[in-house]
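# A look at the structure
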Amino acid sequence: MTSAAVPDHPWLLPGSLVPARAARRTPRDWFVDGVLFVASLLWVLITHADVTSATPEFGLNAGPAWLEEADLLIGLLVSGALWLRRRWPVGLAVATAPLVFFSVTSGVALLVITFTVLVHRPLPVGLALAAWNVLSLPVYLAVRPDPTMPFWGSVIWTALFIGAVVAWALFVRARRQLVLSLRDRAERAEAEQQLRLDQARQLERGRIAREMHDVLAHRISLLSLHAGALEFRPDAPPEEVARAAGVIRASAHAALQDLREVIGVLRAEVGSEATPERPQPTLADVPALVAESRDAGVRVGVVDEVAEPEAVPAAIGRSAYRIVQEGLTNARKHAPGAVVTVRLAGGPGEGLAVEIVNPWPVGAPATAIPGTGTGLVGIAERVTLAGGHLEHGRDADGAFRLTAWLPWAAAQ
């Protein structure tokens, strides 16, 4: 049970409703047990005084003197045993079962024991004990007949009184079960909510990881490309060296900034205020992406046949951007120096088609750029989640072709 579910005043509740104290009495339990003990003790003294009096006030028929003395001792013992009723209610009920045939002084204690069994133990056990009390009435009234009431009148009256005690016990039992059921339901709902939060957090972290793979792979491939050019052309003009160094510095700065942001998000504690994400790229950012690759020396041709590009939904535009980014990154890694063609086409109602084509590489690149090999897997998952489809591989002309189709609903 979480701390939020702990009641403000647990000492006012029964121990069975306070899990932290389920094995001990609460102050409320001690008070109730004390009141019941005193009530039973008073009943023992009053009934013994009445049955031994020359003029009984309650109409209780006295038995032999030895029986009354023994009944006084029995009543005192059973009253003291009430302190054990919470731990061994059924055992106490079985031990005191014969007393229903003759004992007057233990009447209140026996009703308390029956009430306890009905509330805390399986219902058939409690009902059997209540039935035992009712069925014993003829024997009890034969031993101690009531001088003020007919036999069957006494039976009916006493049975109704026992029935009222049983009804009260069943009401208390149902209420406690309802409270426990509601508490269990609340705990399950809280656990399920926490599970949903954890799942959402994992999904969000997976999304961030995919985004960072796409971004960092693009940045680092640019770094590797420019660094490789400087390595293989140490005699390049100072202007080209300075320009390449500037691109390396800018790409490294951007990569570090992206990495710092994702680490900050992943380390953020639950409930803390996270730093807002930077604006996500859209289809309108594709020209800047192509310009970055061109600045790095990649020959990129763009065919833009998108109708109403300003109406492209943000999610679809972001997916298209990531597809182009992954295609250009793969071309730089595996086919350096090749001409890459990027084609965008489509419109509302027909979907958005993205195609990146580059010649199949001949031989190994001079500077190999390592990769995780999961870029196309992540892009395929992104496209599938968007409701589209992705194909990649070598086509009939021998070129590597990456094509994707993304749904673009018609404007309402």
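Preceding block: the structure.
Quick caveat, the model's predicted, so the values are computed rather than measured. (Residues numbered from 1 in each chain as written. Predicted model: local features only at pLDDT ≥ 70, side-chain atom pairs only at ≥ 80, totals over all residues. Heavy atoms only, no water.)

### Details of the pattern of salt bridges
Where we set the bar: Any carboxyl oxygen of Asp or Glu that lies within 4 Å of a side-chain nitrogen of Lys or Arg is treated as forming a salt bridge with it. Each residue's exposure class comes from its accessible area (1.4 Å probe, protein chains only) as a fraction of the maximum for that residue type: buried when under 20%, exposed when over 50%, partly exposed otherwise. Where helices and strands are cited, they refer to DSSP runs of H or I of at least four residues and of E of at least two residues respectively, numbered from the N terminus.
Using the criterion set out here, one finds eight salt bridges in the structure. Here arginine 28 makes a salt bridge to aspartate 29, at a shortest N to O gap of 3.6 Å. Judged by relative accessible area, which is 28%, arginine 28 ranks as partly exposed. A salt bridge links aspartate 184 to arginine 188, with the shortest nitrogen-to-oxygen separation between them at 2.2 Å. Pair noted here: aspartate 184 and arginine 188 are both in helix 7 (residues 151-232), with a separation of four residues, about one helical turn. Residue aspartate 184 is classed as partly exposed on the basis of its relative accessible area, which comes to 35%.

### Some remarks on the sheet that holds strand 2 (residues 339-347)
To be explicit about the condition: Each pair of strands is called paired provided DSSP finds at least two bridges between the two strands. For every element, the axis is a line fit to its C-alpha atoms; helices are fit only across the contacting stretch, and the angle between N-to-C directions ranges from 0 to 180 degrees. A contact between two residues is defined here by any heavy atoms of the two lying within 4.5 Å.
Strand order across the open sheet formed by five strands is 1-2-3-5-4, with mixed pairing between neighbours. Both edges of this open sheet fall to strand 1 (299-306) and strand 4 (389-394), since each of them pairs with a single strand only. Each neighbouring strand pair of the sheet contributes to a mean axis angle of 10 degrees, computed without reference to strand direction. Bridging between strand 3 (residues 351-359) and strand 5 (residues 399-406) involves eight bridges; their strand directions are antiparallel. For alanine 353, the partnering residue across the bridge sits in strand 5 and is tryptophan 405. Across the face of the sheet, helix 9 (residues 286-295) comes into contact with strand 1 and strand 2 while running at roughly 165 degrees to strand 1. Packing against the sheet, helix 11 (residues 375-385) makes contact with strand 4 and strand 5, and its axis sits at approximately 150 degrees to strand 4.

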